[in-house]
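These are the residues of each chain, in order.
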Amino acid sequence: DWTMAEFRAAKIAEIRAQVGEGRVICGLSGGVDSAVAAVLIHEAIGDQLTCVFVDHGLMRLGEAEQVVSLFREHYGIKLVHVNAEDRFLGGLAGLTDPEKKRKFIGGEFIKVFEEEAAKVGGADFLAQGTLYPDVIESVSFTGGPSVTIKSHHNVGGLPERMNMKLVEPLRELFKDEVRVLGKELGLPDIFVGRHPFPGPGLAIRIPGEVTKERCDILRKADFIYLEEIRNAGLYDAIWQAFAVLLPVRTVGVMGDLRTYDSVCAVRAVTSTDGMTADIYPFDAAFLSRVATRIINEVKGINRVVYDYTSKPPGTIEWE
Ligand code: XMP
């Protein structure tokens, strides 16, 4: 029986053997997979590892700061924090088509990452938090039908372009196993148990044009919604929960005043792999508490709706 402690020890030996005296660069996304990969590799080769965190400004409230402090202060891992918010928001200006938004973000991400890798002085290896399902999915993509429902940018593109050898210590693991390994490596629960978050971040939760102002509005609403979910003890029972800021304004009343503000949709699903999903059946009191708080506390939102769509036919994200 293969325990996680044994897996950890074996992987560390394997990474050392593969890398030797070489230098490794690893992109951090804020998600569990890249975090666990980075901490494991750091344990194996210490300062031969440099992490690059491309902060596209499309993260949730406080998330970028959390990543930076965990890696730099807690683990003492060399981390380059690239604040690229202006660059991403600048390129997103005027884009409304979901695929164009995704393509721009994916492409820009690679450019920024390459520039930073060059500044660091290059590396021999590129580390990625690729999981077993990613391996299968990218294989079946090439063999499967030529219809892309959504272009994901986790796998592919980068390694070929950068001409580096890959270090992928999580390739044999499923998500739940990565979480166990993360715990084993001492990653805080708030990190290990975190819901999946898409690479393009909040940009695909703001249908229509993405602006700094709309990102800020969405961040506040999303934070309140997740705070209520945690307070109700429901976070771990849910696969993903998030708010979406709709490009629709509706009329409301606040005190004696008429408002004309945006609609926010909240979504929560259960799933085992993200391929299919069911809506989470919150009780009415919970949902009305969330709606009231968001409307009272977030300027710019005056209506909250709950998304009742399972996958299929809907996708988990709105874009
Ligand atoms: P959908 O929306 O296709 O999403 O039902 C399935 C799962 O994948 C996540 N997702 C992404 N993850 N880059 C990512 O890293 C992406 O472009 C992307 N799009 C969707 C989504 O959050 C869900 O967990």
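What you see is a predicted model, and the numbers here were worked out from it, not measured in a lab.

## Considerations on the sheet that holds strand β2 (residues 49-55)
In any sheet, the strands associate via hydrogen bonds between backbone groups, in a parallel or an antiparallel arrangement. Within the open sheet, the five strands sit side by side as β3-β2-β1-β4-β5. Their pairing is parallel. If you trace the sheet from one side to the other, it starts and ends with β3 (78-83) and β5 (165-167), each paired once. Recorded for the sheet is a direction-independent mean angle of 25° between the axes of neighbouring strands. Relative to β5, strand β4 (residues 125-127) is paired through three bridges, and the arrangement is parallel. Within β5, the residue paired with Ala-127 across the bridge is Val-167.

## Here we look at the domain arrangement of the protein chain
Once the domains are mapped, the protein chain shows domain 1 (4-192) and domain 2 (211-306). Each of domain 1 and domain 2 has a C-alpha centre, and these two points are 28 Å apart. If you look at the interface, domain 1 gives six residues, while domain 2 gives seven residues. Among the residues making up the side of domain 1 that touches domain 2, the classes are represented as four nonpolar, one polar and one charged.

## Looking at the UniProt feature "binding site: ATP" (unreviewed entry) in the protein chain
The UniProt feature table records "binding site: ATP" (unreviewed entry) at Ser-29, Gly-30, Gly-31, Val-32, Asp-33, Ser-34 and Ala-35. Take Asp-33: there are 22 C-beta atoms within 10 Å of it, and that puts it in the buried class. Those residues in contact with Asp-33 that lie beyond four places of it in its chain are Gly-129, Leu-131, Leu-170 and Val-178. Within the secondary structure, Ala-35 sits in helix α2 (residues 32-45). According to the C-beta neighbour criterion, Ala-35 is buried, with 26 such atoms within 10 Å. Residues contacting Ala-35, with those up to four places away along its chain left out, are Leu-28, Leu-187 and Phe-191.

## Some details on the pairing of β3
Relative to β3, β2 runs parallel, the two sharing six bridges. Bridge pairing in β3 links Phe-53 to His-81. Viewed along the sheet, the connection from β2 through helix α3 (residues 63-74) into β3 turns out right-handed.

## Examining the nonpolar core
For soluble globular proteins, the rule of thumb is that nonpolar side chains tend to be buried together. Judged by nonpolar contacts, the single largest core of 77 residues is most densely connected at Val-24 and Ile-41. Composition of this core by domain shows at least three residues from each of domain 1 (4-192) and domain 2 (211-306). When near neighbours in sequence (up to four residues on either side) are disregarded, Ile-41 contacts Ile-15, Val-24, Cys-26, Leu-49, Ala-127, Val-167 and Pro-169.

## Notes on the pairing of strand β6 (residues 240-254)
The pairing of β6 with strand β7 (residues 257-270) spans twelve bridges and is classified as antiparallel. By the bridge assignment for β7, Phe-242 is matched with Arg-267. In sequence, β6 turns back onto β7 through a hairpin of two residues, with Gly-255 there showing a positive phi of about 65°.

## Some remarks on the packing of helix α10 (residues 212-231) against helix α11 (residues 284-297)
Relative orientation of the contacting elements α10 and α11 amounts to 150°, with a least axis distance of 10 Å. α10 and α11 meet at a crossing whose hand is right-handed. For the pair α10 and α11, contact is made by Lys-220, Ala-221, Ile-224, Tyr-225 and Glu-228 and by Arg-289, Val-290, Arg-293, Ile-294 and Glu-297, respectively.

## Quick notes on the environment of Gly-274
Note on placement: Gly-274 falls in the loop between β7 and β8 (278-279). Note: C-alpha distance between Gly-274 and Gln-240 (34 residues apart in sequence) is 9.0 Å. Those residues in contact with Gly-274, other than ones at most four positions away along the chain, are Pro-196 and Ile-316.

## Section: helix α8 (residues 175-184)
Here α8 has its buried residues at Val-178, Arg-179, Leu-181 and Gly-182. Axial view of α8: buried residues confined to an arc of 165°, hence all on one face. The secondary structure elements touched by the buried residues of α8 are α1 (4-19), α2 and α9 (189-192). In the segment just after α8, Gly-186 is the residue with positive phi, at about 85°.

## Comments concerning the environment of Ala-127
With respect to the helices, strands and loops of the structure, Ala-127 is situated in strand β4. Sequence spacing of Ala-127 and Val-167 is 40 residues, and the spatial spacing of their C-alpha atoms is 4.5 Å. In this structure, Ala-127 is in contact with Val-24, Ile-25, Cys-26, Ala-37, Ala-38, Ile-41 and Val-167, ignoring residues within four places of it in sequence.

## Focus: the packing of α1 against α2
The contact between α1 and α2 brings their axes to 9 Å, and the two run at 65°. Relative to α2, the element α1 lies roughly perpendicular. Where α1 crosses over α2, the handedness of that crossing is right-handed. Of the residues in α2, those in contact with Arg-8, Lys-11, Ile-12, Ile-15, Arg-16 and Val-19 of α1 are Leu-40, Ile-41, Glu-43, Ala-44 and Ile-45. When grouped by side-chain class, the residues that make up the contact of α1 with α2 number seven nonpolar, no polar and four charged.

About the criteria used
- Residues numbered from 1 in each chain as written.
- Predicted model: local features only at pLDDT ≥ 70, side-chain atom pairs only at ≥ 80, totals over all residues.
- Pairing = 2+ DSSP bridges.
- Helix = DSSP H or I, 4+ residues; strand = E, 2+ residues; numbered from the N terminus.
- Axes fitted to C-alpha atoms, helices over the stretch in contact; angles between N-to-C directions.
- Domains from an automatic or database assignment.
- Contact = placed C-beta atoms within 7 Å.
- Nonpolar A, V, L, I, M, F, W, Y, C, P; charged D, E, K, R; others polar.
- UniProt positions renumbered as here; feature names shortened; annotations may be inferred.
- Buried ≥ 20, exposed ≤ 12 C-beta atoms within 10 Å, placed from the backbone.
- Right-handed = clockwise from strand over helix to strand, strands pointing away.
- Core = buried A, V, L, I, M, F, W, Y, C linked by C-beta atoms within 7 Å.
- Left-handed = near helix turned anticlockwise from the far one by under 90°.
- Arc of directions from axis to C-beta.
- Parallel < 35°, antiparallel > 145°, perpendicular 65-115°, else oblique.

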